[in-house]
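# Analysis of the macromolecular model
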Amino acid sequence: MKKILGSIVVPVIFLVFCYTTLFSLAKSFADEIALIDVLDIKDLDVLDVFKLISQKSGLNIIVGQDVKGKISVYLKKMNVEDVLKVIVEAHGWAYYKDGETIQIMTDKNFEMKYGYKFGQEIATVIKTVLLGKATDFIPVLSQVKSSFGKIIADDRSRQLILMDIPLKIKEMENILNRMDVSVTTEVFALNYAKVEDVSGQITEVLTPGVGTMRFDKMSNKIIVSDTDEKICKIADIVKAFDERYRQVLIESKIVQIVLNKEHKMGVNWEVLAAQEHGLHLKGQFNILSSSDKSGKLNIGTLSEDRYTAVIETLETLGDTNLLSSPRIATLNNQEAKMTVGFTEPYVTSTTTTPSSGPATTAESVHFIDVGVKLYVTPTIHHDDFITMKIRPEISSVVDNLTTGTNNIIPIVETSQAETQVMVKNGVTIVIGGLIKQEQIKTTRKIPFLGSVPLVGVAFRSTYQKEVKTEIVIFLTPKIMTGDIVKNVQ
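A brief look at the structure comes next.

Attention now moves to the sheet that holds strand β10 (residues 212-216). With antiparallel pairing, the 3 strands of this open sheet are ordered in space as β9-β11-β10. What marks the edges here is a single partner per strand, and that holds for β9 (184-189) and β10. The average angle at which neighbouring strand axes cross in this sheet is 15°, direction not considered. Across 6 bridges, β9 lies against strand β11 (residues 221-226) in antiparallel orientation. Of the residues in β11, the one forming a bridge with Val-187 is Ile-223. Contacts between helix α7 (residues 195-203) and the sheet are confined to β10 and β11, with β10 contributing the most and set at about 175° to the helix.

Structure follows, in structure tokens:
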């Protein structure tokens, strides 16, 4: 048995040795052919240079007609392809190897013929499309590939062949991974928000090239098609914006105080706050008027059960009159307007003089609101506190202006301020310091005789009195859940 094994192993070892030796000799021979020991050239024509390289390497070299000039170079122990690369790059040429044949040409001809620049590495990747047709992705990928990149699509095998530089190949693969996914269509019915307001938020998160959105104003619905992941994200956005609008009921009381002589400068709110423990001043703000009678706007808070006590205290400062007690509901972050006063009319005339014929005069009646105006914009916070942007305005007619056409225009004096106050749901805000001064004209006469022309002057008398008043506004905001006012804790 041992003799048999020995007779088999020895020939096998000999054959392996012979094969290894022959392979090494062939490789060394090939390396000698491809390796150039020394290349020392000075001002030699390009055709002669490549002829010399062809003789040293044994390769077939074809030189294009546009490749001209002389070459000076000194190279030592370099591979033939490295020698060619050094020479062509130094002179703006290029080469292309096809088996044992090398073609030398200009870099422009190379790019025109092969579609990419010489020296750039071209990668080829085959991607299989899972959804849709392979040709459906060509328009998008064509916008990403380089000018020499190529995209080949085969709908039968659902494969895409991408040929380009590695960077562009990676970009196209990323796009395919994002586009070649399952698409779901979802219909979102909005209850409170408007579709045109929410659609802008949804558009920002749609998957580029995949997600689509459309909406119908009449049914207030949004139709979205996108990946499952994006549909879930869009559902969260719709839920966040399609909230039921919170409302605020603003209860107000507008009180007028006819100030007596002792308090002609207005109510001293600091003293009043010291007397009434339920009244807390928040601050003072200058009213937008330069006159002394404008005073300062005083803002404070009042316990709900202390309203009557404060009114009784104010009655000691002058005659107190409740002008109005409006209640108005408004949506969160929407302005509410309350007005107590009257409309003052005035007439303006417009004269038109035609080229022929008599002139015509047309009169127009205008109106201006005079009195107390209050603008309130509430903002509800999650802790049941309410920030109110308050803009009170008080105006009165102080004089009249007579125009050249005998029209009487009222001159209106206005004092206004603007501030923000944060209070808890149900807490009353007190606004004081809105002072106005009026001239009240009173006529006393004997009935019938005082109305007789000319003679009636002896039977009537006219008195003019200056009256200064201060307007105090009480505001109580209450959060509404729809139809029931939320209970105050």
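The strand order across the open sheet formed by 3 strands is β6-β8-β7, and the pairing between neighbours is antiparallel. Edge strands, defined here as strands with exactly one partner in the open sheet, are β6 (123-128) and β7 (150-154). The sheet shows a mean angle of 15° between the axes of neighbouring strands, taken without regard to direction. One ladder, built from 6 bridges, connects β6 with strand β8 (residues 159-164); its direction is antiparallel. For Val-125, the partnering residue across the bridge sits in β8 and is Leu-162.

Turning our eyes to something else, we now look at the side chain of Gln-256. By the element assignment, Gln-256 lies in strand β12 (residues 247-259). The contacts of Gln-256, once residues within four sequence positions are left out, are Asp-319, Thr-320, Asn-321, Leu-323, Lys-436, Thr-469, Glu-470 and Ile-471.

For the pair α7 and helix α8 (residues 228-241), the least separation of the axes is 10 Å and the interaxial angle reads 145°. In the crossing of α7 with α8, the sense of the turn from one axis to the other is right-handed. Between α7 and α8, the contacting residues are Val-198, Gln-201 and Ile-202 on the first element and Ile-234, Ile-237, Val-238 and Phe-241 on the second. Here the residues of the contact of α7 with α8 sort into 6 nonpolar, 1 polar and no charged.

For the structure shown, the criterion picks out 8 salt bridges. Between Lys-97 and Glu-81 there is a salt bridge whose closest N-O contact spans 2.9 Å. Of the two residues, Lys-97 sits in strand β4 (residues 93-98) while Glu-81 sits in helix α3 (residues 80-91), which places them 16 residues apart along the sequence. Across the pair Lys-168 and Glu-171 runs a salt bridge whose closest N-O atoms are separated by 3.8 Å. In this pair, Lys-168 and Glu-171 are both assigned in helix α6 (residues 166-179), 3 residues apart and thus about one turn of the helix distant. What makes Lys-168 partly exposed here is its relative accessible area of 23%. Judged by its relative accessible area of 31%, Glu-171 is partly exposed.

Scoring rules and cut-offs
Residues numbered from 1 in each chain as written. Predicted model: local features only at pLDDT ≥ 70, side-chain atom pairs only at ≥ 80, totals over all residues. Heavy atoms only, no water. Pairing = 2+ DSSP bridges. Helix = DSSP H or I, 4+ residues; strand = E, 2+ residues; numbered from the N terminus. Axes fitted to C-alpha atoms, helices over the stretch in contact; angles between N-to-C directions. Contact = heavy atoms within 4.5 Å. Left-handed = near helix turned anticlockwise from the far one by under 90°. Nonpolar A, V, L, I, M, F, W, Y, C, P; charged D, E, K, R; others polar. Salt bridge = Lys/Arg side-chain N within 4 Å of Asp/Glu carboxyl O. Buried < 20%, exposed > 50% of the residue type's maximum accessible area, 1.4 Å probe, protein only.

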